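Here is how the chains run, residue by residue.
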Amino acid sequence: MRALVQTVSRASVRVDDDTVGEIKDGLLVLVGITHDDTAAKAADLARKTWELRILDGDRSAADDNAPLLVVSQFTLYGDARKGRRPTWNAAAPAEVAEPLVTAYVEALRARGATVETGRFRTHMLVESVNVGPRTVLLEL
């Protein structure tokens, strides 16, 4: 399981003409799932994300009650080591990934986080304004 965490002044996800998720002054989290991930890993990654000291003053989202926008991103498991066309073999199929992304979001909310999300299995337009920029890759 991987999460690419970015500090943002604002971020949003649009599907068609609808904004389905939007935050200000928080974290944009792109989440990738691989074949051997579990709900336990999702819960552990949620804890790490929520407590990650990436905000100003060495603070975490938990410290500042900063909102999160979570977007499923199977391309985090893309592999382009051979040639120019990535393979997606390490990415879990949608029917495996979707419940684990949901478990990740639910684990964040159980910790008190305000979480917005994208919409699984749709073409999403993700906009963000990075702060810093600060970006960290978390991996379990």
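Here's a quick rundown of the structure. (Residues numbered from 1 in each chain as written. Predicted model: local features only at pLDDT ≥ 70, side-chain atom pairs only at ≥ 80, totals over all residues. Heavy atoms only, no water.)

On to the overall build of the protein chain. Tallying secondary structure elements over the protein chain gives 3 helices and 5 strands in all. Listed by position from the N terminus, the elements making up the protein chain come as β-β-α-α-β-α-β-β. Its C-alpha atoms give the protein chain principal-axis dimensions of about 40 × 35 × 25 Å. Long-range pairs, those at least 24 residues apart, make up 75% of the contacts in the protein chain with a sequence separation of at least 6. Here the protein chain has roughly 7700 Å² of accessible surface; of this, 47% comes from carbon and sulfur atoms. Side chains of the protein chain carry 18 positive and 20 negative charges; the gap between the two charge centres is 5 Å. (Helix = DSSP H or I, 4+ residues; strand = E, 2+ residues; numbered from the N terminus. Contact = heavy atoms within 4.5 Å. Areas by Shrake-Rupley, 256 points an atom, 1.4 Å probe, with all protein chains shown as cover. Lys, Arg positive; Asp, Glu negative; His and termini not counted. Charge placed at Lys NZ, Arg CZ, Asp CG, Glu CD.)

We now examine the pattern of salt bridges. One pass over the structure, following the stated rule, counts 11 salt bridges. Between Asp36 and Lys41 there is a salt bridge whose closest N-O contact spans 3.9 Å. Taken together, the shared-partner salt bridges in this structure form one network comprising Asp44, Arg47, Glu51 and Arg111. (Salt bridge = Lys/Arg side-chain N within 4 Å of Asp/Glu carboxyl O.)

Okay, helix H1 (residues 39-51) next. In this model H1 runs 18 Å from its N-terminal to its C-terminal C-alpha over 13 residues, within 8% of the 18 Å that 1.5 Å per residue would give. All of the buried residues in H1 are Ala42, Leu45, Ala46, Thr49 and Trp50. The buried residues of H1 occupy an angular sector of 130° when the element is viewed end-on, so they sit on one face. Packed against the buried residues of H1 are strand E1 (2-15), strand E2 (18-32), helix H2 (61-64), strand E3 (68-72), helix H3 (94-110) and strand E5 (124-139). (Expected span 1.5 Å × (residues − 1). Buried < 20%, exposed > 50% of the residue type's maximum accessible area, 1.4 Å probe, protein only. Arc of directions from axis to C-beta.)

Let us now look at the environment of Arg84. Along the chain, Arg84 falls in the loop between E3 and H3. Taking the C-alpha atoms as reference points, Arg84 and Tyr104, separated by 20 residues in sequence, lie 32 Å from one another.

Ranked by size, the top nonpolar core spans 30 residues in total, and within it Leu27, Val29, Val31, Ile33, Val70, Tyr104 and Leu108 carry the most contacts. Within the residue set of this core, elements represented by two or more residues are E1, E2, H1, E3 and H3. For this core, the leading source of residues is H3, giving 8 residues. Every residue in contact with Val29, bar those within four places of it in the chain, is listed here: Ala3, Leu4, Val5, Thr49, Leu68, Leu69, Val70, Val71 and Tyr104. (Core = buried A, V, L, I, M, F, W, Y, C linked by side-chain atoms within 4.5 Å.)

A word on the packing of aromatic side chains. On inspection of all chains with the given rule, the structure shows 1 aromatic pair. Ring centres of Phe74 and Trp88 lie 5.4 Å apart, and the angle between their planes is 75°; on these two criteria the pair is classed as edge-to-face. Of the two residues, Phe74 sits in the loop between E3 and H3 while Trp88 sits in the loop between E3 and H3, which places them 14 residues apart along the sequence. Under the relative-accessibility criterion, Phe74 is labelled partly exposed at 47%. (Phe/Tyr/Trp six-rings, centres within 6.5 Å; stacked < 30°, edge-to-face > 60°.)

In spatial order, the strands read E4-E3-E2-E1-E5; together these 5 strands make up an open sheet with mixed pairing. For this open sheet the edge positions go to strand E4 (115-117) and E5, each flanked by a neighbour on one side alone. With direction set aside, neighbouring strand axes in the sheet form an average angle of 35°. In the sheet, E1 pairs with E5 via 12 bridges, with the strands oriented antiparallel. Along E5, the bridge assignment pairs Val13 with Val126. Each of E1, E2, E3 and E4 is contacted by H3, which is oriented at about 170° to E3, the strand it contacts most. (Pairing = 2+ DSSP bridges. Axes fitted to C-alpha atoms, helices over the stretch in contact; angles between N-to-C directions.)

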